[in-house]
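Okay, here's what each chain looks like letter by letter:
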Amino acid sequence: MEWEVVIGLEVHTQLLTKSKIFSGASIAFGADPNTQACAVDLGFPGVLPVLNREVVNMAIKLGLGINAQIAKRSIFARKNYFYPDLPKGYQISQYELPVVGGGFLDITLEDGSTKRIQITRAHLEEDAGKSLHEDFHGQTGIDLNRAGTPLLEIVSEPDMRSAKEAVAYLKALHSLVVYLGVCDGNMQEGSFRCDANVSVRRKGAPLGTRTELKNINSFRFVERAINYEVERQITLIESGGKVVQETRLYDPNKNETRSMRSKEEAHDYRYFPDPDLLPLIITDEEIEQVRANLPELPQQKRQRFMDQFGLSIYDATVLVSTREMANYFESVVKESGDQPKLAANWIMGELSAALNKDNLEITDSPVSAAELGKLILRIADNTISGKIAKTIFEAMWNKEGDVDSIIEKHGLKQVTDTGAIEALVDKIIAANPQQLADYRAGKEKLFGFFVGQAMKESGGKMNPQQLNEILKKKLQG
């Protein structure tokens, strides 16, 4: 407990444009290597970059989404370094004057409390190409398709104190950029990836030396990488060593970080304003035009779900975690005859379990929102019990038909006829005289035994509320 962890994240968000930041070349994923890199991306002599207007609108959206200052004037700079997949020898980025200034993002922690993470800046830049090591047997291949892909790098303050907080922030930011429509959030394709700056210090001491964990592309790996690095740094210091400021790579197969290179400072890149690009000027009118077209954001939607549907903060947070899940939930509520709590329980329970088991996204669910809403409606109108509904859901998942046809085909309609329930209860009581005597002698836990016997006898079709009422009355004599 004497050690304190200090974490800041730099998140690279690939903007959801059709073309690159300074050229008209396509950024479609999956093209053959080096088929989407034009002369501008490669910095050939005599070519000039032209800023893609749409990336500016997306930067403004992000700035508004994190409650940040939008710079009316920002500058593009050349960040100079040599790397095989950077043929120009420099990257066009923003340094001293970024397009988005200080803002913040509120995150929800595991205990339900809220923490505010300050965001230092977000700046526009172009991506480099990609070095390919796997298929060339001792050689490295270079694919320049990504060169010039538009990125918005979002830099937080070192406000996070655990790997779990870092993951909570990363998930909240991921949700935000997808809701805003500025990024598809596809971490497997590299559209959303982060560098984690990690250090440790004795409580109350100045900040320790940080290391940068480079290009981590999954929430699970972020948590594992940070936890490993924290343990490594503490062990190193306690054994008399010193943490070196460096860039490290995380190996998920070995669950360890390893040194990649010494960490560069700003002066190593020899930043200077790009002579081919004018300053970026944004007017108040342009900002307000973007603001007027903003969608409902995750935190706004969460609060509305709590107010409109009476959901807990936990349920609302889970349901708005992705735009697709939030839309699915609202459609289920609409189809279920306004049963929001039941809809939330089914989406976070049976549906999520089935999706996880089959490794599916909610958009690929075999059970549509309309079908799940109808299933919940049949529970609400006492056509079926909650227990029978699980059997029906499984049949729907396996595409055996719609709700009503499955109920009809298998005779699953709930018994609500009072006379039929009373007759079954009389039969159960008559068959179990000893349990009846014990119950009336004070062993009230045997009530569950009688309920179980009745449900077994009826195949789970008895209306639970009616059964309980009639059984209680009959057992009392």
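About the cut-offs
- Residues numbered from 1 in each chain as written.
- Predicted model: local features only at pLDDT ≥ 70, side-chain atom pairs only at ≥ 80, totals over all residues.
- Heavy atoms only, no water.
- Helix = DSSP H or I, 4+ residues; strand = E, 2+ residues; numbered from the N terminus.
- Rg over C-alpha atoms; globule rule 2.2 N^0.38 Å.
- Buried < 20%, exposed > 50% of the residue type's maximum accessible area, 1.4 Å probe, protein only.
- Contact = heavy atoms within 4.5 Å.
- Areas by Shrake-Rupley, 256 points an atom, 1.4 Å probe, with all protein chains shown as cover.
- Lys, Arg positive; Asp, Glu negative; His and termini not counted.
- Charge placed at Lys NZ, Arg CZ, Asp CG, Glu CD.
- Pairing = 2+ DSSP bridges.
- Domains from an automatic or database assignment.
- Core = buried A, V, L, I, M, F, W, Y, C linked by side-chain atoms within 4.5 Å.
- Expected span 1.5 Å × (residues − 1).
- Salt bridge = Lys/Arg side-chain N within 4 Å of Asp/Glu carboxyl O.
- Arc of directions from axis to C-beta.
- Axes fitted to C-alpha atoms, helices over the stretch in contact; angles between N-to-C directions.
- Polar contact = N/O pair within 3.5 Å; in protein donor to acceptor, adjacent residues only side chain to side chain.

(A) Main features of the overall build of the protein. A tally of regular secondary structure across the protein gives 16 helices and 15 strands. On C-alpha atoms alone, the protein measures out to a radius of gyration of 29 Å, which is more than a quarter above the 23 Å that the 2.2 N^0.38 rule sets for 477 residues. Projected onto its principal axes, the C-alpha positions of the protein cover 95 × 55 × 50 Å. Relative to its full complement of 477 residues, the protein shows a buried share of 47%. In the protein, the share of contacts with a sequence separation of at least 24, taken over all contacts with a separation of at least 6, comes to 67%. Entry remark: accessible area of the protein is about 23800 Å², with carbon and sulfur atoms responsible for 50%. In the protein, which carries 57 positive and 66 negative side-chain charges, the distance between the mean positions of the two groups comes to 3 Å.

(B) Focus on the sheet that holds strand 3 (residues 77-80). Pairing is antiparallel across the open sheet formed by three strands, whose spatial order is 4-3-14. Two strands close off the open sheet at either side, each with one partner strand: strand 4 (90-93) and strand 14 (272-273). The sheet contact formed by strand 3 and strand 4 spans four bridges and is antiparallel. When the sheet's bridge partners are listed, asparagine 80 is paired in strand 4 with tyrosine 90.

(C) Quick look at the environment of histidine 410. By secondary structure assignment, the location of histidine 410 is in helix 12 (residues 403-410). What makes histidine 410 partly exposed here is its relative accessible area of 44%.

(D) Representation of the domain arrangement of the protein in the model. Each domain of the protein was delimited in the assignment, giving domain 1 (3-286), domain 2 (309-410) and domain 3 (418-476). The gap between the C-alpha centroids of domain 2 and domain 3 is 31 Å.

(E) Spotlight on the nonpolar core. Among the nonpolar cores identified, the biggest contains 66 residues, and Leu9, Leu62, Leu124, Tyr169 and Ile226 are the most heavily contacted of them. Here the element with the most residues in this core is helix 3 (residues 163-180); it accounts for eleven residues. The contact partners of leucine 9, leaving out residues within four places of it in the chain, are Ile154, Val155, Ser156, Met160, Ala166, Tyr169, Leu170, Cys194, Asp195 and Ala196. Counting residues in hydrophobic clusters, the runner-up holds 39 residues, among them Leu351, Leu355, Leu372 and Met396.

(F) Region of the structure containing helix 11 (residues 386-397). End to end, helix 11 covers 16 Å across twelve residues, agreeing with the expected 16 Å (1.5 Å per residue, within 8%). Every buried residue of helix 11 is accounted for by Ile388, Ala389, Ile392, Phe393, Ala395, Met396 and Trp397. In the core, the buried residues of helix 11 are packed alongside helix 9 (340-357), helix 10 (369-380) and helix 12. Just beyond helix 11, the residue with positive phi is lysine 399, at close to 60 degrees.

(G) Structural context of the pattern of salt bridges. Going through the model one piece at a time under the given rule, you end up with 29 salt bridges. Of the charged contacts, one joins aspartate 127 and arginine 146 as a salt bridge, the two residues approaching to 2.8 Å between their closest N and O atoms. Here the residue aspartate 127 occupies a position in the loop between strand 6 (114-126) and strand 7 (130-132), and arginine 146 occupies one in the loop between strand 8 (141-143) and strand 9 (150-156), the gap between them amounting to 19 residues. Arginine 146 carries the same exposure label as aspartate 127, and that label is buried.

(H) Structural detail: unusual backbone geometry. In the Ramachandran plot, aspartate 338 falls in the positive-phi region, its phi being about 65 degrees despite a non-glycine side chain. One can find aspartate 338 in the loop between helix 8 (323-335) and helix 9.

(I) Here's a closer look at helix 15 (residues 447-458). Spanning twelve residues, helix 15 covers 17 Å between terminal C-alpha atoms, matching the ideal 16 Å at 1.5 Å per step. Where helix 15 is concerned, the buried positions are Phe447, Phe450, Val451, Ala454, Met455 and Ser458. For helix 15, the arc enclosing every buried residue in end-on projection is 130 degrees, short of the 170-degree limit, so these residues lie on one face. Looking at the buried side of helix 15, the elements it contacts are helix 13 (418-431), helix 14 (433-440) and helix 16 (464-476). Positive backbone phi, approximately 70 degrees, marks glycine 459, located one or two places after helix 15.

(J) Spatial organisation of the sheet that holds strand 6. Across the sheet, which stays open at both edges, the eight strands sit in the order 5-6-9-1-10-11-12-13 with mixed pairing between neighbours. Looking along the sheet, the strands with just one partner apiece sit at the ends: strand 5 (103-108) and strand 13 (256-262). The average angle at which neighbouring strand axes cross in this sheet is 30 degrees, direction not considered. In this sheet, strand 9 lies alongside strand 1 (residues 3-14) in antiparallel orientation, the contact comprising five bridges. Paired with threonine 13 across the bridge in strand 9 is leucine 152.

(K) The side chain of glutamate 10, seen in detail. Assignment of secondary structure puts glutamate 10 in strand 1. Here glutamate 10 sits buried without a salt bridge, and the closest side chain of opposite charge, arginine 210, lies 5.1 Å off (N-O distance). Engagement of the side chain of glutamate 10 in a polar contact is seen with the side chain of asparagine 197, the distance being 3.1 Å. Other than its neighbours up to four places away in sequence, glutamate 10 contacts Glu153, Ile154, Val155, Arg193, Cys194, Asp195, Asn197 and Glu212.

(L) Representation of the environment of glutamine 465. Positionally, glutamine 465 belongs in helix 16. Here the alpha-carbon distance between glutamine 465 and serine 385, two residues 80 residues apart in the chain, equals 10.0 Å.

(M) A look at the side chain of aspartate 106. Here aspartate 106 is to be found in strand 5. Reaching out from aspartate 106, the side chain makes a polar contact with the side chain of arginine 116 at a distance of 2.8 Å. Aside from chain neighbours lying at most four places away, what touches aspartate 106 is Thr114, Lys115, Arg116 and Gln299.

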